[in-house]
Every structure is written in structure tokens, then in C-alpha cells.
Amino acid sequence: MTVKSSSSSQNEQVLKVERKYYEQEQLNTELRYSKPENNESIKSMVCSKIQPKKFFLKTFPIFVWLSHYNIKEDLFGDVIAGCTVAVMHIPQSLGYATLAKVPPVLGIYTAYIPVIMYCIFGTSRHNSMGTFAVVTIMIGKEVSTHDSYDPVVVATTLCLIVGTIQLAMYILRLGIISSLLSETLVSGFTTGAALHVLVSQLKDLFGIELKKENANFQNVYAVIELFQKLIDKKYNGLAVIISIATILLIVLNNEILKPILAKRCRVPVPIELIVVVGGTLLATYTSIIDDYKIRPIGEIPTGFPNITIPSTALMSDLLIGGFTISMVSYTVSVSMALIFAKKMSYEVDFNQELLAMGSANVVGSFLSCFPVSASLSRSTIQQTVGGRTQVASLISCAILTLVLLWCGPFFECLPKCVLSSVIVVALKGMLLQTKDFIKFYKLSHLDAVVWIGTFVTVVFIAIDIGLAVGIVLSVSCIFIRGSKPYTCLLGKIPKTDFYLDIERYKVAEEIPGIKIYHYCGSLNFASRNAFKKNLCEQIGVDLALEKKRMLKSENYEPIYLKCLILDFSALSYIDPSGVTSLIILVKEFNKLQILVFISGCSCPVYEVMKKCGLKESADGYFKFFPTVSDAVHHAQEAFVQISVITSL
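Computed from a predicted structure; not experimentally measured. (Residues numbered from 1 in each chain as written. Predicted model: local features only at pLDDT ≥ 70, side-chain atom pairs only at ≥ 80, totals over all residues. Heavy atoms only, no water.)

Student: How would you sum up the packing of helix α8 (residues 133-145) against helix α15 (residues 315-344)? Please name residues and give values.
Tutor: The contact between α8 and α15 brings their axes to 10 Å, and the two run at 175°. Considering the angle they form, α8 stands roughly antiparallel to α15. Together, Val134, Val135, Met138, Ile139 and Glu142 of α8 and Leu318, Gly321, Thr324, Ile325, Val328 and Ser329 of α15 make up the contact between the two elements. When its residues are assigned to classes, the contact of α8 with α15 shows 7 nonpolar, 3 polar and 1 charged. (Axes fitted to C-alpha atoms, helices over the stretch in contact; angles between N-to-C directions. Helix = DSSP H or I, 4+ residues; strand = E, 2+ residues; numbered from the N terminus. Parallel < 35°, antiparallel > 145°, perpendicular 65-115°, else oblique. Contact = heavy atoms within 4.5 Å. Nonpolar A, V, L, I, M, F, W, Y, C, P; charged D, E, K, R; others polar.)

Student: For a nonpolar patch on the surface, give the residues involved together with the corresponding values.
Tutor: Side chains of Phe217, Tyr221, Ile452, Val456 and Phe460 sit close together on the surface and give an oily, nonpolar patch of about 440 Å² of accessible area. Element by element, the count of residues in the nonpolar patch is highest for helix α22 (residues 445-460), at 3 residues. Considering the arrangement of structural elements, one finds tyrosine 221 in helix α11 (residues 218-231). The class for tyrosine 221 is partly exposed, based on a relative accessible area of 41%. (Patch = residues over 30% accessible without salt bridge, like charges linked within 9 Å, V, L, I, M, F, W, Y side chains within 5 Å. Areas by Shrake-Rupley, 256 points an atom, 1.4 Å probe, with all protein chains shown as cover. Salt bridge = Lys/Arg side-chain N within 4 Å of Asp/Glu carboxyl O. Buried < 20%, exposed > 50% of the residue type's maximum accessible area, 1.4 Å probe, protein only.)

Student: Please give an account of the side chain of serine 359 that cites residues and values.
Tutor: Mapped onto the elements, serine 359 comes out in helix α16 (residues 350-365). Of note is the side chain of serine 359, whose polar atom sits 2.7 Å from the backbone oxygen of leucine 355. Apart from residues lying up to four places away in sequence, serine 359 is in contact with Met117, Phe121 and Leu167. (Polar contact = N/O pair within 3.5 Å; in protein donor to acceptor, adjacent residues only side chain to side chain.)

Student: Give me the packing of helix α9 (residues 151-171) against α16: which residues, what numbers.
Tutor: Running from amino to carboxyl end, α9 crosses α16 at an angle of 155°, the nearest separation of the two axes being 7 Å. On the basis of their axis angle, the class for α9 and α16 is roughly antiparallel. Seen from above, α9 lies across α16 with left-handed handedness. Judged by residue contacts, Thr156, Cys159, Leu160, Val162, Gly163, Thr164, Gln166, Leu167, Met169 and Tyr170 of α9 engage Asn351, Gln352, Leu354, Leu355, Met357, Gly358, Ser359, Asn361, Val362, Gly364 and Ser365 from α16. Looking at the contact of α9 with α16 residue by residue, the classes come out as 10 nonpolar, 11 polar and no charged. (Left-handed = near helix turned anticlockwise from the far one by under 90°.)

Student: Describe the nonpolar core, and please don't skip the residues or the numbers.
Tutor: Generally speaking, a soluble globular protein has its nonpolar side chains buried in company with each other. Ranked by internal contacts, the top residues of the largest apolar core, which has 91 residues, are Leu94, Val134, Met138, Ile139 and Phe189. Considering each element in turn, this core owes the most residues, 8 residues, to α9. Look past the residues within four positions of leucine 94 in its chain and what remains in contact with it is His89, Pro104, Ile108, Ile297, Ile300, Phe411, Leu414 and Leu419. Core analysis: the second largest hydrophobic core is formed by 34 residues, Leu523, Phe531, Ile574 and Cys601 among them. (Core = buried A, V, L, I, M, F, W, Y, C linked by side-chain atoms within 4.5 Å.)

Student: Give me the pattern of salt bridges: which residues, what numbers.
Tutor: The final tally for this structure, using the stated rule, is 18 salt bridges. Salt-bridge contacts for lysine 58 lead to aspartate 349; the nearest nitrogen and oxygen are separated by 3.0 Å. One end of the pair, lysine 58, is in helix α3 (residues 52-59); the other, aspartate 349, is in the loop between α15 and α16, and 291 residues separate them in sequence. As a salt-bridge pair, aspartate 204 and lysine 203 come within 4.0 Å of each other at their nearest N and O atoms. Of the residues examined, lysine 203 reaches a relative accessible area of 25% and is grouped as partly exposed. It is possible to trace a salt-bridge network through shared partners that takes in Lys203, Asp204, Glu209 and Arg295.

Student: Account for the environment of isoleucine 463, with residues named and values stated.
Tutor: Within the fold, isoleucine 463 resides in helix α23 (residues 463-483). The exposure class assigned to isoleucine 463 is buried, which follows from its relative accessible area of 5%. Put simply, isoleucine 463 and aspartate 291 are 172 residues apart on the chain and 38 Å apart in space, counted from C-alpha to C-alpha. With residues near it in sequence (within four places) discarded, isoleucine 463 still touches Ile137, Met138, Phe189, His196 and Val458.

Student: Go over the pairing of strand β10 (residues 622-625), please, and point to the residues and values.
Tutor: Alternating residues of β10 divide into Phe622 and Phe624 and Lys623 and Phe625, and every residue in both groups is buried. The sheet contact formed by strand β9 (residues 595-599) and β10 spans 4 bridges and is parallel. Paired with serine 599 across the strands is phenylalanine 625, a residue of β10. (Pairing = 2+ DSSP bridges.)

Student: Can you lay out the packing of aromatic side chains for me, pointing to particular residues and giving the numbers?
Tutor: If you walk through the whole model with that rule in mind, you get 18 aromatic pairs. Where phenylalanine 410 meets phenylalanine 411, the ring centres are 5.1 Å apart and the plane angle is 80°; that geometry is what we call edge-to-face. On the basis of relative accessible area, phenylalanine 410 is assigned to the partly exposed category, the value being 35%. A relative accessible area of 6% places phenylalanine 411 in the buried class. Aromatic rings pair up to connect Tyr33, Tyr606, Phe622 and Phe624 into one cluster. Over the ring of tyrosine 346 we find arginine 125, and its NZ or CZ is 4.3 Å from the ring centre. The ring of phenylalanine 440 is capped by lysine 439, whose NZ or CZ atom sits 4.8 Å from the centre of that ring. (Phe/Tyr/Trp six-rings, centres within 6.5 Å; stacked < 30°, edge-to-face > 60°. Lys NZ or Arg CZ within 6 Å of the ring centre and 35° of its normal.)

Geometric values such as these leave the question of function open.
Structural data, given as C-alpha cells:
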């Protein structure tokens, strides 16, 4: 084979390749094709020695990035990010603990102990672990469902279950399972869950007591009851005023003041902490709690949590909920990690993330914590203000130590309506994901169905059912797309060896007597009938009708088609049922005096066809070729030979 490069008169680069035409077997023989021995590779993996140092560094990534830590370049950004995130942690941890239906101090514990574990084992440099709205609302549902037990016991047991599941997935190397939760599903799910969080906070924003609803359609019942009480004027006027004032302050800061200050200062105004401290001072030095029935968040003890053993009696009842939470928290965290890793050019290990989160949850379960996840808002802030590594999270934990040891009781008078206002504004990013529906609709109607189906089920029925519906819809989309692969007829581009879709490329010309059918997808027991039907429709041949014509007429005249070339360059997989269907097709076309060639098979597909005896079983004039061009050349040569024999 020779390759020449030359320039035309118009200064266009022209590539000329001179080689002989090949059949697949001939090419394999000349180029010494051989299938790799999988058994040997497996044996070598089993017998290879484990390198202790490499294993240790892979298990404990903290020693890898700390060894490359640059104090001059990284420390300042990490200190700023750590202080900023710590300030965000305080109101969010207290608020999200109320979502989880547990004492507020558990939110601080969850933002402290599991975060240290994640810093040791995690591979994301920017994920801010701790409380997250979607996960805490799911925890709150489990706590409400098992209201005969102590909420702390339910939450910590759930934390142990979630951690154990994640560690089991790490041992089984199941990090890839997160791919079941597609971007479309995660977007629809988190948006719907954000509305759940919003509805759950309305009662505190208005100072209203609502009935506890643990059944499905909880949001519907809650909104109906809320509107009924608003109509009956059974709300707390001062709570409404405080809520409106708090929301306005945070929104004005985020939308107007923050963009202005961002040009002059890297550190954002800690508006959430300001309103929390302001609300606490207002309730402490006035009589609004007693006189106006403003509800405070309640007791916050000081000191570190005691070691407690989660309840084993509850584990079987919480297993399904724990599995759901483990999948959601892991997927959200990995999604955030991938975004930052891509932006900042570093790698994230899916399986190592399972070890990090599983360890964080298991250890946290013995220290009064509930399941953790990466927070969208805190992680974004941690990266935006200059955070470079997980040192930022360690600094945040150091600041939270002060809160645990001394500052906790200060927040006991904090009005719940202030916390609810902070949570509602923090939901903005997730609620704006409703715009994703338009994006997915434009890209694919199937993706739009997954999004809207997940979203509607989560909002109107229940979070866990919504997740299950989303997974079913996502998997169904995979099967639907697999059953409707891209197919087309190919034509030759004049003066080239390009064979392209004749519907899309108007210059492409079909070769007389030859049909080139391109199939993209897999050919298996589920798709074989659709493959045959689509093939016959594309090439315009009715096999059943041609059989009848052949039987009725002694002098059967063959149809225009002389050769069918199946371009399998995009065939990803074939099973024995698919090979059997090909054997039958080849025989049927050969009976109609139509040659059948296969071109462009990948090595694994070719090996399956060969192992299943496709060439031997076809019985007719059937061959494999490495490219469409080789197949066309041999078909044209066959036409010449047949015409010569016929003339003789």
C-alpha cells in the first residue's frame, strides 16, 4: 500500500491511497489477526502483586494532594473559601435539620464530622459536603413515617444504612451504577424535590400549623390546607412580615449588591449569617416569641456529640428509604464533582467517591449525624471565591468547632420563619432548573418525557415514587432508542471512496444494482424483526412477494437488485439470535439471486459472527469485507463474472 499527498491547482490538499482490495479473511491473514486471550489477562491480574504504596495512596487521596499543596498559591484561596462556606453552613445546617425533622444541632454535627472523613477519602477538591435540601427532605419523610421512634434514632440509623450501602457498592466497584440516573432524571428529580422543600417551608413562613401528612400526595394536601387557613386568616402576621423582610434582604444582596462587590472584593457578603444573627438578636431582646407566638428553633446543646449505636431494629424498615437516599446523595455529589473537575482540569474517581461518602456516613451515624451529600450552593461558592483543595473544608470544620463548643445556645431564639426564608431563597438555583425542560424538549422528546414524568410524580405523589418512575422512564428510553436505530442507504461521493447517507448528502449517488444498507445500533433477539422489516423497506424488496413470484413463474426474472451490502461499521453488538436472523436473510436473498456482503464489522462483532458460523451456514455467495469500498469492488467484479458466464 502506498500513500501520496499532493496539491491541486486550487491549492487543495489531495490524499491518494493505492492498495489492493481485500476480503476480511484475506486482510486478517496478511495482518496476522488474533483474538486476545482474556484468560491470561485475568490470570495476570489475579497473580500480580499488590503494591502497598500505590494502594495506600489510592485509598487515601489526601496524602496525594497534600504532598503537592502549594502554600503560596493555594492557602489564601482555601482560607477565604473555608470561612465563607462555614458562614453558609451555620444557617443551612440549622435550617436543613428542621427539614429532616431532627434537632437543629444535628445539622451542625453533619456539617462537621462527615466532612472531615470526606476530606480524607474524597477525590473532589471543591465539593462541600454536609446537609443538602433534597436529601434532608427525604430523611424527614422517613422520620415522619416512623414517628413512634425518636427522630434522632431514625436519622442516625438511616445514616448507617446509607453508608453501608455505599461501602458495599465501593467493594463491588459499582460506581458506574450512577449512570442509571441520567442528567435528565437528576434535573427533573431535584427540581421536583425543591418544590417539596418549598411547600414544606410555607407553614413556617406564614406561622401556620399544618397536619402531618405521611401519605402520597402530601404536597397537594398541604397546599390545600395552607390556602384554607390563609382564607380563614389563621396565620401569624408578624411571621409573614419577618419572612418577607428576610427574603427581600437576601434577594437584594444576591441580585444587586453581590455583583457590584464581586468586582472589588473576592469575599461575598455573608447575608445569610447576617439575617440569622439579626433574627436571633431580635427574638432575644424583644418579646416577640411570647407576645406574638413566633416559634424559635429551640435548644442547641454545646459540645461534641456522644458516641451512640444506631438501632438495629429499624434497619429492615428503613432499607428501601436508605437505598433511595444513598443513590440520590451519591449521584448529586458525583454530578457536582464532575462539573468542577472538568472546569478545573482534574480527575474524579467514581468508586473512590463511594468509599468517601460511605465512610463519612458510617462514622457519622455513630456521632448523631444524618446522611450527607454535596450542596449545590455551597460547592459553587467554595469554587467561586477561590477554593483550591479540601483544605477549605477543613478550615470550615475548624470554624464550626467554635459553634459547637460555645456559640450554639446563642441561636436557640432564632425564629423558624427566618430559617425558612433562608432555605427558600437558597432553592432558587434548583427551581430555575425548570428551564431545563425546554432544553431537553428541543434536544429529544424522549428526554422531555423523562424530565416531566419524574418532576410531576415527585411533586404531586412522592419523592421516592418519583425517583422510581424516573429510573423506569430512563431505562425505557434506552430500550426505545435501541429498538429504533439509525439506518440509511449509502451512496458514493464521486471521485472519492466516501459512502454517505443519500438522504442527507445530495451529491451521493447510488451504484446501479447495489444497495448499501447502513445500520447503527445492536442486533439481538429484541431487534432482529425490526431489523429485517426496516431493511426490506429501505431497499424496496418484499421478500414474501418475491417468493410467490418465484414459485408461480418457471422463468423467474430477478429484480433490479444484484447485491446487498450490509454496512455494519456502526453495529455495536450482535447476539446468537441476531446471527441466526442474518443467516436466514442471506439464504432468502440468495434464493432471489441477490448477493449479500457484510462490511466494516468491529472485531468483537466479527468474532461472534464467525463463532456462530454465519459464513458456513449461509450456504450462498456470501463474504465479509473490511470496508464498503472493498465490498463494492468485489460486487462489481462478481457482476462481470456472472455476465460472462451468462453470455457463454
